[in-house]
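# Commentary on secondary and tertiary structure
If you want the building blocks of each chain, they are given just below.
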Amino acid sequence: QVQLVESGGGLVQAGGSLRLSCAASGRTISNYVMGWFRQAPGKERELVATIRWTGDRATYADSVKGRFTISTDNAKNTVYLQMNSLKPEDTAVYYCNARGMVTKRDYWGQGTQVTVSS
């Protein structure tokens, strides 16, 4: 099984930055594609970014391109989401996700709140 624990959320003013961390554990975590999702009040959960542990083929939602960067630290089994130039519309609960490349089973973290004030 895979366990995911997010951290780094908080309150920040518009234009500021935050870095979210997702600590992953499991026997074969390398067999999973990692991602960040977010869900704002009254909205559906949306994909923010994805990455492989090899660091290639990173993807981003159009709304965050140029502002957010997803990365991995394989030695620490940790995925990061660096968020710059934050906007009030970025306010949401952010969730770490691991999807099995073969099974396509999803594992989720507990979520971390990001609030951007205007």
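For the structure itself, look to the data block above.
First, a word on what this report is: a plain description of the structure on this page. Everything numeric here is computed off the predicted structure, so don't read it as measured data. (Residues numbered from 1 in each chain as written. Predicted model: local features only at pLDDT ≥ 70, side-chain atom pairs only at ≥ 80, totals over all residues. Heavy atoms only, no water.)

### Here we look at the sheet that holds strand β1 (residues 3-7)
Pairing between sheet strands relies on hydrogen bonds along the backbone, with the strands arranged either parallel or antiparallel. Spatial strand order, β1-β3-β8-β7: four strands in an open sheet with antiparallel pairing. Sheet topology places β1 and β7 (68-73) at the edges, where each strand pairs with a single neighbour. Going across the sheet, the axis of each strand differs from the next one's by a mean of 15°, ignoring polarity. Looking at chain direction, strand β3 (residues 18-25) and strand β8 (residues 78-83) are connected through six bridges and run antiparallel. Paired with Arg19 across the strands is Gln82, a residue of β8. (Pairing = 2+ DSSP bridges. Helix = DSSP H or I, 4+ residues; strand = E, 2+ residues; numbered from the N terminus. Axes fitted to C-alpha atoms, helices over the stretch in contact; angles between N-to-C directions.)

### As for the nonpolar core
Judged by nonpolar contacts, the single largest core of 31 residues is most densely connected at Leu4, Met34, Trp36, Leu81, Met83 and Tyr94. When contributions to this core are tallied by element, the ones reaching two or more residues are β3, β4 (32-39), β5 (46-51), β7, β8, β9 (92-100) and β11 (112-117). Filtering out sequence-adjacent residues up to four positions away, Leu81 remains in contact with Leu18, Arg19, Leu20, Trp36, Val48, Ala49, Phe68, Thr69, Ile70 and Tyr94. (Core = buried A, V, L, I, M, F, W, Y, C linked by side-chain atoms within 4.5 Å. Buried < 20%, exposed > 50% of the residue type's maximum accessible area, 1.4 Å probe, protein only. Contact = heavy atoms within 4.5 Å.)

### Let's talk about the side chain of Ser21
By the element assignment, Ser21 lies in strand β3. You can call Ser21 buried: its relative accessible area is 16%. Once residues within four sequence positions are removed from consideration, Ser21 is found in contact with Val5, Glu6, Ser7, Trp36, Thr78, Val79 and Tyr80.

### Regarding the packing of aromatic side chains
Considering all chains together, one arrives at two aromatic pairs under this definition. Geometrically, the ring pair formed by Tyr32 and Tyr107 is edge-to-face, given 5.8 Å between the ring centres and 75° between the ring planes. Of this pair, Tyr32 sits in strand β4 while Tyr107 sits in strand β10 (residues 106-108); the two residues are 75 residues apart in sequence, bridging distant segments of the chain. For Tyr32, a relative accessible area of 12% gives the class buried. Classification of Tyr107 by relative accessible area gives buried; the value is 12%. (Phe/Tyr/Trp six-rings, centres within 6.5 Å; stacked < 30°, edge-to-face > 60°.)

### Structural notes on the pattern of salt bridges
Counted by the stated rule, this structure contains five salt bridges. Here Asp90 makes a salt bridge to Arg38, at a shortest N to O gap of 2.9 Å. You can see Asp90 sitting in the loop between β8 and β9 and its partner Arg38 sitting in strand β4, a full 52 residues away along the chain. Accessibility expressed as a relative area gives 0% for Asp90, which makes it buried. It is possible to trace a salt-bridge network through shared partners that takes in Arg38, Glu46, Arg67 and Asp90. (Salt bridge = Lys/Arg side-chain N within 4 Å of Asp/Glu carboxyl O.)

### Some details on the side chain of Arg67
Residue placement: Arg67 occurs in the loop between β6 (59-60) and β7. In terms of polar contacts, Arg67 uses its side chain to reach the side chain of Asp90, at 2.8 Å. In contact with Arg67, not counting residues within four places along its chain, are Gln82, Met83, Asn84, Ser85, Leu86, Lys87 and Asp90. (Polar contact = N/O pair within 3.5 Å; in protein donor to acceptor, adjacent residues only side chain to side chain.)

The values are spatial; any link to function lies outside them.
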